[in-house]
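Observations on chain architecture
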Amino acid sequence: MLVDDQHPCDYHLASRCVRGAWLCGRDKRSGKDYSHRRRWLTERLLMLARCFAVEIYAYAIMSNHFHIVVHYDPNACLAWSDDEVANRWIEAFPPRPRPRQDRDVAKAEARTTLLGDPARLDRARRTLGSLSHFMKHLKQPIARRANAEDGCDGHFFEQRFYSGALLSEQAVLAAMAYVDLNPVRARLARRIEQCRDASVRDRLREDSAAALAAYLQPLASGLKPNAATRLDVTLAEYLDLLRDMTAAQAAPSPQPADRVARWIARAASLRKRQRAYGTFQSLQEWTEKRGFQMRETPLPA
């Protein structure tokens, strides 16, 4: 795992269950259906993203693992006011009301207490500005609920998560396509319209002409809106690319168009689980800045 705690960057993240546990879907050994857990993870992912210093661009919830494509800015939390930190913290970790206490009253009391404790407020700021803490607080409640449902204890997810830096727009789009097409590769869907627990389902709901013509935006964001366009591709272009890749992989002959073949190769390179992905120049700059040896393979041109 490698996350830059000094500079904004995009990442492909993945986390897997331990002990052969099934996060979602039907366990072939026990016959139990855990499909309802997908909603647990999706709802918490999008909720936390609005509180932490991240933006969610893609996700896929699979049977025993999940993928996310995020933009992370470790410096964003430094610009938040104390009030904003307190509001984000209370939304991410709402207090449990006392008996007969109104939930809003409990939140107001917790907010006042937090604002009155500078040391605790600083810890909250650093937590909300950490990608590692984002993943920790995403997984821990899911693990507790799953263990309670299974009648056991211990780790449910691997403690560490995979993180691959995405150093170019090509790398980000390749990672998004790789993640969104996970259900197709797993033969859970034949078309992107059948993908139930991936971000492409959310993208497909944005079917207005204005939404299709707009550049891709995050599905959930805890960062300030940026006037600059981060991804120079429209929603319509992205959905067409996913459809072309799906069709080409379902029927490998005749050979797909060069453009589609290149994107298939770029997405396939994500399986290598490298520390970083990008052009040769971006990889060279990234490794030199961190004092690493350049062993990563550049994305296919």
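Calculation notes
- Residues numbered from 1 in each chain as written.
- Predicted model: local features only at pLDDT ≥ 70, side-chain atom pairs only at ≥ 80, totals over all residues.
- Heavy atoms only, no water.
- 1 Å grid on protein atoms, 1.4 Å probe; cavity = no way out; pocket = protein on both sides within 12 Å on 5 of 7 lines; lining within 4 Å.
- Points joined across faces, edges and corners; volume = space filled by probe spheres on them.
- Nonpolar A, V, L, I, M, F, W, Y, C, P; charged D, E, K, R; others polar.
- Buried < 20%, exposed > 50% of the residue type's maximum accessible area, 1.4 Å probe, protein only.
- Helix = DSSP H or I, 4+ residues; strand = E, 2+ residues; numbered from the N terminus.
- Pairing = 2+ DSSP bridges.
- Salt bridge = Lys/Arg side-chain N within 4 Å of Asp/Glu carboxyl O.
- Contact = heavy atoms within 4.5 Å.
- Axes fitted to C-alpha atoms, helices over the stretch in contact; angles between N-to-C directions.
- Phe/Tyr/Trp six-rings, centres within 6.5 Å; stacked < 30°, edge-to-face > 60°.
- Lys NZ or Arg CZ within 6 Å of the ring centre and 35° of its normal.
- Parallel < 35°, antiparallel > 145°, perpendicular 65-115°, else oblique.
- Expected span 1.5 Å × (residues − 1).

A short note on the layout of surface pockets
Using a probe with the size of a water molecule, rolled over the atoms, empty space left in the structure can be pinpointed. Computed from the structure, the largest pocket encloses a volume of approximately 310 Å³. If you go around the largest pocket, you meet 16 residues; those closest to its centre are Lys-139, Gln-140, His-155, Phe-157 and Gln-159. Its residues placed into classes, the lining of the largest pocket shows five nonpolar, six polar and five charged.

Some remarks on the pairing of strand β4 (residues 162-166)
Along β4, five of the five residues are buried, which leaves the element largely enclosed by surrounding structure. Where strand β1 (residues 9-16) meets β4, five bridges bridge the pair, whose relative direction is antiparallel. What sits directly across from Asp-10, in β4, is Leu-166. Here β4 pairs with strand β6 (residues 276-277) via two bridges, running parallel. Its bridge partner lying in β6, Ala-165 is registered against Ala-276.

Some details on the pattern of salt bridges
Per the stated rule, a full pass over the model turns up 17 salt bridges. The shortest N-O distance in the salt bridge between Arg-37 and Glu-149 comes to 2.7 Å. Within this pair, whereas Arg-37 is found in helix α1 (residues 37-49), its partner Glu-149 is found in helix α5 (residues 131-150), the two being separated by 112 residues in sequence. Given the relative accessible area of 0%, Arg-37 is considered buried. Linked through salt bridges whose partners overlap, the residues forming this network are Arg-191, Glu-193, Asp-240 and Arg-243.

Some thoughts on the sheet that holds strand β5 (residues 220-221)
In space, the six strands of this open sheet follow the order β5-β2-β3-β1-β4-β6, with mixed pairing throughout. The open sheet has two free edges, formed respectively by β5 and β6, since each of these has just one partner strand. Of the strands in this sheet, β2 (54-61), β3 (65-72) and β5 are in contact with α1, which crosses β2 at around 170°.

Some remarks on the packing of aromatic side chains
Enumeration according to the criterion identifies five aromatic pairs in this entry. Consider the rings of Phe-52 and Phe-134, whose centres lie 5.6 Å apart with planes at 65°: the pair is edge-to-face. With a gap of 82 residues between them, Phe-52 in the loop between α1 and β2 and Phe-134 in helix α5 connect regions that are remote in the sequence. We classify Phe-52 as buried; its relative accessible area is 0%. Residues Phe-156 and Phe-157 carry aromatic rings whose centres are separated by 5.1 Å and whose planes lie at 85° to one another, so their mutual orientation is edge-to-face. A network of ring pairs unites the aromatic residues Phe-52, Trp-89, Phe-93 and Phe-134 as a single cluster. One cation-aromatic arrangement involves Arg-185 over Tyr-178; the distance from NZ or CZ to the ring centre is 4.1 Å.

Things to note about the packing of helix α10 (residues 235-250) against helix α11 (residues 258-268)
The contact between α10 and α11 brings their axes to 10 Å, and the two run at 85°. Comparing their axes, α11 and α10 come out roughly perpendicular. Touching Leu-241, Asp-244, Met-245, Ala-248 and Gln-249 of α10 are Arg-259, Val-260, Trp-263, Ile-264 and Ala-267, all from α11. Split into classes, the residues belonging to the contact of α10 with α11 amount to seven nonpolar, one polar and two charged.

Observations concerning α10
The terminal C-alpha atoms of α10 lie 23 Å apart, and with 16 residues this matches the ideal 22 Å at 1.5 Å per residue to within 8%. Regarding α10, the residues found buried are Leu-235, Tyr-238, Leu-239, Leu-241, Leu-242, Met-245, Thr-246 and Ala-248. In the core, the buried residues of α10 are packed alongside α6 (169-180), α7 (182-185), α8 (199-205), α9 (209-213) and α11.

A few points about unusual backbone geometry
Look at Arg-100: it is not a glycine, yet its phi comes out positive at around 65°. Of note, Arg-100 is situated in the loop between α2 (82-92) and α3 (103-115). Overall, Arg-100 belongs to the exposed group, its relative accessible area being 90%.

Considering α6
Given a rise of 1.5 Å per residue, twelve residues ought to cover 16 Å, and the 16 Å separating the end C-alpha atoms of α6 matches this to within 8%. In terms of burial, α6 is a largely internal element, ten of the twelve residues being buried. Within α6, burial applies to Ala-171, Val-172, Leu-173, Ala-174, Ala-175, Met-176, Ala-177, Tyr-178, Val-179 and Asp-180.

Brief notes about empty space enclosed by the protein
Under the counting rule described, the total for this entry stands at one cavity of 30 Å³ or more. Roughly 30 Å³ of internal volume is contained in the largest cavity. Lining the largest cavity are Leu-2, Val-3, Asp-4, Cys-9, Tyr-11, Ala-165, Trp-286 and Arg-290. Of the residues contributing to the lining of the largest cavity, the split by class is six nonpolar, no polar and two charged.

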